[in-house]
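Structural features, examined
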Amino acid sequence: MLKRVLVANRGEIAVRIVRACRDLGIESVVGYSAADRDGLAVHLADDAVCLGPGPVARSYTNVPALLYAAAKTGADALHPGCGFLSEDPLLASACRQVGLTFIGPAPEHLALMGDKLAARQAMQAAGVPVLPGSDGPVETLEAAVATADRIGYPLMVKAVAGGGGRGITVVPAPADLAGALTATRAAARTLFQDDRVYLERYVDGGRHVEVQVLADAHGQVLHLGERDCSVQRRHQKLLEESPSPGLDPQVRERLCAVSVAGARSIGYVSAGTFEFLVQDDGQAHFLEMNTRLQVEHPITELRSGIDLVTAMIRVAGGEPLPWSQADVVLTGHAVEARINAEDVDRDWAAVTGRVRDLRLPAGVGVRVDTHLVEGHQVPPFYDSLLAKVITHGATRDEALRRLDRALREFHCTGVPTTVDFHRRLLRHPDFAAGRHRLDVVAAVTAAAPPNPVTDTNPERTGTDG
Amino acid sequence: MTDSLDHALHAVVTVADLVRDGRLGRVRVQIGDLSIDVTAPVSENPPRAVESAPVEVATQTELPPVQVVVAPLMGVFFRAPAPDRPPFVAVAERVEIGQQIAVIEAMKLMNPVLADRAGVVREVHVADGEVVEFDQPLISIEPA
């Protein structure tokens with residue numbers, strides 16, 4: 001059993017991990033930046049250590065600082081949370097070298113899935129459906145043209161080191177291939193210091209469906225159902241729900257089965273997520289595997305009753321999962337709305353400021369994961385996630401009604417937030433009917449009234465700013 | 001440059017908060033060429049109780065006579081350039097601005113710690129070889 005976990009993250013996910021440690025009866029230490037000195041996680045943890053100043057390169061992604069922090073505070077494990085270094089094989093292998101348990105997958109699996117081409121090949125070998133594409137990196141324009149003719153247009157030029165929508169260029173027709181190749185290679189060199197690219201067929205629209213897997217070091221690999229993350233803007237997820245509305249049960253069953261097979265084929269251990277693009281005709285293709293805890297993990301927790309964070313910690317400590325697949329029972333419908341400090345009317349610009357007049361929602365079927373407290377200063381250095389409002393109901397309709405109720409209760413001033421966007425989304429006919437696709441955010445904002453949702457109740461809802 | 005800007009911004013936010021919360025009446029902060037001087041009317045109400053406030057702050061505050069040099073990064077604190085060498089400075093010794101007074105090792109890189117003012121070393125707060133966190137007080141210097 002692990003004894004003391006260094007939480008190498010901030011914001012709501014750091015709070016989430018501190019609470020999981022508390023539930024397990026083990027101690028937590030939060031490594032924080034000087035900009036997060038007064039953060040909720042720092043106050044809730046057993047101990048805290050200042051890693052460096054606000055900019056991430058000198059604090060949250062500073063590997064030496066994290067290792068010194070663990071040494072200084074006697075931590076025997078490190079949880080990387082989401083983002084930052086959570087999928088960086090360098091941190092995971094550095095932890096291994098100094099005898100610190102990394103609460104996540106092995107560095108080899110982080111490296112494999114971080115190489116999008118190697119991931120594609122490994123998953124194809126395991127029987128996971130992938131889009132038609134090149135067998136290796138494309139080196140020359142001649143090779144690209146030949147491969148592109150085989151794949152067909154439209155297609156994508158993708159950076160081998162990309163992921164999360166970065167390093168991708170869509171090529172509508174043969175005339176655009178040469179330019180896309182040069183541009184993607186140059187961008188990949190700058191972004192990832194790796195200019196290898198490959199080709200893959202492009203499919204428009206559809207839905208983003210992902211399968212949660214959980215595996216221990218004793219050969220047990222479970223799936224915990226799927227999540228639908230089709231409400232996205234520029235590859236940033238805004239709202240997630242489970243189950244995916246309208247997904248053919250046979251497609252669901254197949255995606256869950258191939259995800260388990262894919263994880264098992266590489267000997268994966270810890271929580272992980274297989275992302276798929278699902279077309280209206282039921283065709284589904286592997287996009288990538290996220291080798292970490294996901295921001296949207298709570299909707300799976302509400303449906304399965306399984307605490308994914310404590311499970312990750314137990315598995316990292318060598319314990320077997322106490323469940324078989326038959327024990328995993330998914331009930332009802334769950335939905336998560338991400339409340340970001342963003343000004344939707346100013347092209348979703350991230351905003352800083354001090355949160356005042358805070359009132360968080362509660363009540364039956366509502367869970368709020370947040371680091372917000374009255375007077376919280378939103379620092380300029382990090383992503384803009386303030387809170388996750390998560391609701392659960394027997395049906396999709398009940399979960400969405402509870403979400404609307406919770407969003408209406410959510411109140412703060414000082415920074416604009418995405419609360420009103422979510423309420424408009426809930427009223428959009430395509431979303432309400434569960435037939436929305438990846439383009440739904442543009443449809444909602446285009447149809448936006450000049451003022452936020454009007455209520456019969458005169459009380460101001462949502463946020464000011 | 002960016003670092004000193006970060007520090008300055010952080011200081012401004014902190015000072016503004018302290019003054020607004022009625023915990024301080026007057027504050028003067030100097031970082032390099034930048035100096036901030038804030039005076040607020042002393043509140044009628046007693047200062048708000050703050051759970052994590054490490055020290056009692058008087059309503060009229062001047063710069064304390066002793067200034068503390070803090071760790072510029074995480075790493076291992078050493079008082080001397082090598083185990084068999086004398087320390088950079090000893091208590092009661094005079095230091096000049098910019099003089100090296102300690103070193104912090106991070107992954108084999110030796111990062112010098114410099115005196116940010118001239119004065120006399122009053123106290124060394126950290127044991128040799130201790131891992132220090134960012135902003136941890138290291139050495140107190142009394143301006144001479």
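Residues numbered from 1 in each chain as written. Chains lettered and ligands numbered in written order. Predicted model: local features only at pLDDT ≥ 70, side-chain atom pairs only at ≥ 80, totals over all residues.

1. Some details on the overall build of chain A
Note the following rule: Runs of H or I in DSSP of at least four residues are treated as helices and runs of E of at least two as strands, each being numbered from the N terminus. We compute the radius of gyration from the C-alpha atoms alone; for a globule the expected value is 2.2 Å times N to the 0.38, where N is the number of residues. To sort residues by exposure, count the other C-beta atoms lying within 10 Å of each residue's C-beta; 20 or more gives buried, 12 or fewer gives exposed, and values between give partly exposed, all with C-beta atoms placed from the backbone. Think of it this way: build a C-beta for each residue from its backbone, and any pair within 7 Å is a contact.
Helix and strand counts for chain A stand at 15 helices and 23 strands. Against the globule reference of 23 Å for 465 residues, chain A gives a C-alpha radius of gyration of 22 Å, in line with a compact fold. Overall size of chain A, expressed as C-alpha extent along the three principal axes, is 60 × 55 × 45 Å. In chain A, which comprises 465 residues, the share counted as buried stands at 51%. In chain A, once contacts between residues fewer than 6 apart in sequence are set aside, the share between residues at least 24 apart is 64%.

2. Concerning the domain arrangement of chain A
Accessible area lost upon the coming together of the parts serves often as the stated size of an interface. What counts, and what does not: What counts as a domain boundary in this text is fixed by an automatic or database domain assignment.
Here chain A is described as being made up of domain 1 (4-103), domain 2 (132-201) and domain 3 (207-463). Distance from the C-alpha centre of domain 1 of chain A to the C-alpha centre of domain 2 of chain A: 36 Å.

3. Observations regarding helix α10 (residues 297-304) of chain A
Of all 8 residues that make up α10(A), 7 are buried, and the element is covered over most of its length. Positive phi shows up at Gly305(A), right after α10(A), with a value of about 75°.

4. Regarding the sheet that holds strand β6 (residues 155-163) of chain A
All names here are of chain A. Note the cut-off: Strands are labelled as partners when DSSP assigns at least two bridges between them. A fitted line through C-alpha atoms serves as each axis, taken over the contacting stretch for helices, and the angle formed by two N-to-C directions is quoted from 0 to 180°.
Pairing is antiparallel across the open sheet formed by 3 strands, whose spatial order is β7-β6-β8. Taken across any chain shown, the strands that pair with only one partner, and hence form the sheet edges, are β7 (166-171) and β8 (197-201). Here the strands of the sheet are splayed against their neighbours by 25° on average, with no regard to which way each runs. The pairing of β6 with β8 spans 5 bridges and is antiparallel. Opposite Met156, over in β8, you have Glu200 as the bridge partner. Across the face of the sheet, helix α6 (residues 116-125) comes into contact with β6 and β8 while running at roughly 105° to β6. Taken strand by strand, helix α8 (residues 177-192) contacts β6, β7 and β8, and its axis lies near 175° from that of β7.

5. Points about unusual backbone geometry
Residues and elements named next belong to chain A. With an omega dihedral of -5°, the bond running from Tyr153 to Pro154 counts as a cis peptide bond. Residue placement: Pro154 occurs in the loop between α7 (141-151) and β6. Despite not being glycine, Phe84 has its phi angle at roughly 45°, a positive value. Along the chain, Phe84 falls in the loop between β4 (77-79) and α4 (89-97). On the basis of neighbour count, Phe84 is assigned to the buried category, with 21 C-beta atoms found within 10 Å. With phi around 65°, His235 is a residue other than glycine that occupies positive phi space. Inspection of the secondary structure puts His235 in the loop between β10 (221-233) and β11 (236-242).

6. A closer look at the interface of chain A and chain B
Which entries qualify depends on this criterion: Three categories are distinguished: nonpolar for Ala, Val, Leu, Ile, Met, Phe, Trp, Tyr, Cys and Pro, charged for Asp, Glu, Lys and Arg, and polar for the others, with Gly belonging to the last.
With 14 residues of chain A at the contact, the number on the chain B side is 13 residues. For the side of chain A that touches chain B, the leading source of residues is helix α3 (residues 63-73) of chain A, giving 6 residues. Split into classes, the residues belonging to the side of chain A that touches chain B amount to 10 nonpolar, 3 polar and 1 charged.

7. A look at the nonpolar core
Residue and element names in this part refer to chain A. The cut-off we apply is this: Think of a nonpolar core as buried Ala, Val, Leu, Ile, Met, Phe, Trp, Tyr and Cys residues chained together by C-beta atoms that fall within 7 Å.
In this structure, Val7, Val30, Leu51, Leu78 and Met312 are the most contacted members of the largest nonpolar core, which totals 106 residues. Look past the residues within four positions of Val30 in its chain and what remains in contact with it is Val7, Ala14, Val18, Ala41, Val42, Ala45 and Ala48. Within the second largest apolar cluster, 33 residues are counted, among which are Leu385, Leu386, Leu400 and Val415.

8. Section: the packing of α4(A) against helix α5 (residues 107-114) of chain A
Two packed helices can be described by the angle between their axes and the distance between those axes. All names here are of chain A. Definition in use: Reported orientations rely on four angle classes, namely roughly parallel under 35 degrees, roughly antiparallel over 145, roughly perpendicular from 65 to 115, and oblique for the rest.
Where α4 contacts α5, the two axes come as close as 8 Å, and the packing angle between them is 170°. One way to sum up the angle between α4 and α5 is to call them roughly antiparallel. Contacts between α4 and α5 involve Pro89, Ala92, Ser93 and Arg96 from the former and Pro107, Leu110, Ala111 and Gly114 from the latter. Taken together, the residues that form the contact of α4 with α5 break down as 5 nonpolar, 2 polar and 1 charged.

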